[in-house]
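Spelled out, the chains give:
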Amino acid sequence: VYFFWGADEFRMKKAVRALCDRNLNSDWASFNYEKIPPERSDALIQGLNQAMTPPFGMGKRIVWLVDTPVCQRCSAALLVELERTLPNIPDSSVLLLTSANKPDGRLKSTKLLKKHADIREFSPVPFWKTDALVKTAQDAAGELGIKLTADAAEALALAVGNQTRQLYNELEKLKLFTADTPNAPIAAATVNALV
């Protein structure tokens, strides 16, 4: 069981994609992947029922409850369902709950999820934490196989701020620009000229 929350939608979607890639068999994905929108009145019940269903074929079943309000408000009946189902979800299923809002720690549903779920925060780095922004730029560059000088990472962080989607787009642009010399680190002058 996973609970992803935060306003950085780009990073959250990347994490969801990685979770699906790790657990879904591509040949059986259409049978074993269920994305339940928040508009459905019985979304939580439907999601819990689907998570209890064994996967069809190879791989695991993934049930994604999109933008669920379970950690902002939860009725007594839904809480009983959560208490009954969460401890019994089989290893062959992955239940993913996502929300843009921070979970309310006072709710019993949040306490229950803390006990049974892997909770991850996807909040943007505040603008004033420049060291964290630089580290985010360096981590993203490393993930894409790009080498940046310290000055280049700082210039990139200054240019894009905490916009993760823009950071990855700019890094892809820099990667294409420096494709002729893939092992050479990108300098700040290149970042300032292109970003």
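Structure's up top.
Keep in mind that this is a model prediction, so the values were computed, not measured.

1. Section: the overall build of the chain
Part 1: What the chain contains, in helices and strands, is nine helices and five strands.
Part 2: Projected onto its principal axes, the C-alpha positions of the chain cover 60 × 40 × 25 Å.
Part 3: The buried share of the chain, reckoned over its 195 residues, is 41%.
Part 4: At a minimum sequence separation of 6, the contacts of the chain that also span at least 24 residues come to 77%.
Part 5: When the accessible surface of the chain is totalled, it reaches about 10,900 Å², and 53% of it is carbon and sulfur.
Part 6: In the chain, 24 side chains carry a positive charge and 22 a negative one; their mean positions are 5 Å apart.

2. Remarks on the pairing of strand β3 (residues 61-65)
Part 1: Here β3 lies mainly inside the structure; five of its five residues are buried.
Part 2: Side-chain alternation along β3 places Arg61, Val63 and Leu65 on one buried face and Ile62 and Trp64 on a second face that is also buried.
Part 3: Bridge count for strand β2 (residues 33-36) against β3 is four bridges, and the pairing is parallel. Opposite Tyr33, over in β3, you have Ile62 as the bridge partner.
Part 4: Remark: the β2/helix α3 (residues 43-52)/β3 crossover connection has right-handed handedness.
Part 5: Of the pairings in the sheet, the one linking β3 to strand β4 (residues 93-99) comprises five bridges and is parallel in character.

3. Section: the packing of α3 against helix α4 (residues 76-85)
Part 1: As a packed pair, α3 and α4 sit with axes 11 Å apart at the nearest point and diverge in direction by 15°. Between α3 and α4, the interaxial angle falls into the category roughly parallel. In the crossing of α3 with α4, the sense of the turn from one axis to the other is left-handed. Here α3 contributes Leu44, Ile45, Leu48 and Met52 to the contact with α4, which in turn contributes Leu78, Glu81, Leu82 and Thr85.
Part 2: Class assignment of the residues belonging to the contact of α3 with α4 gives a composition of six nonpolar, one polar and one charged.

The rules behind each value
Residues numbered from 1 in each chain as written. Predicted model: local features only at pLDDT ≥ 70, side-chain atom pairs only at ≥ 80, totals over all residues. Heavy atoms only, no water. Helix = DSSP H or I, 4+ residues; strand = E, 2+ residues; numbered from the N terminus. Buried < 20%, exposed > 50% of the residue type's maximum accessible area, 1.4 Å probe, protein only. Contact = heavy atoms within 4.5 Å. Areas by Shrake-Rupley, 256 points an atom, 1.4 Å probe, with all protein chains shown as cover. Lys, Arg positive; Asp, Glu negative; His and termini not counted. Charge placed at Lys NZ, Arg CZ, Asp CG, Glu CD. Pairing = 2+ DSSP bridges. Right-handed = clockwise from strand over helix to strand, strands pointing away. Axes fitted to C-alpha atoms, helices over the stretch in contact; angles between N-to-C directions. Parallel < 35°, antiparallel > 145°, perpendicular 65-115°, else oblique. Left-handed = near helix turned anticlockwise from the far one by under 90°. Nonpolar A, V, L, I, M, F, W, Y, C, P; charged D, E, K, R; others polar.

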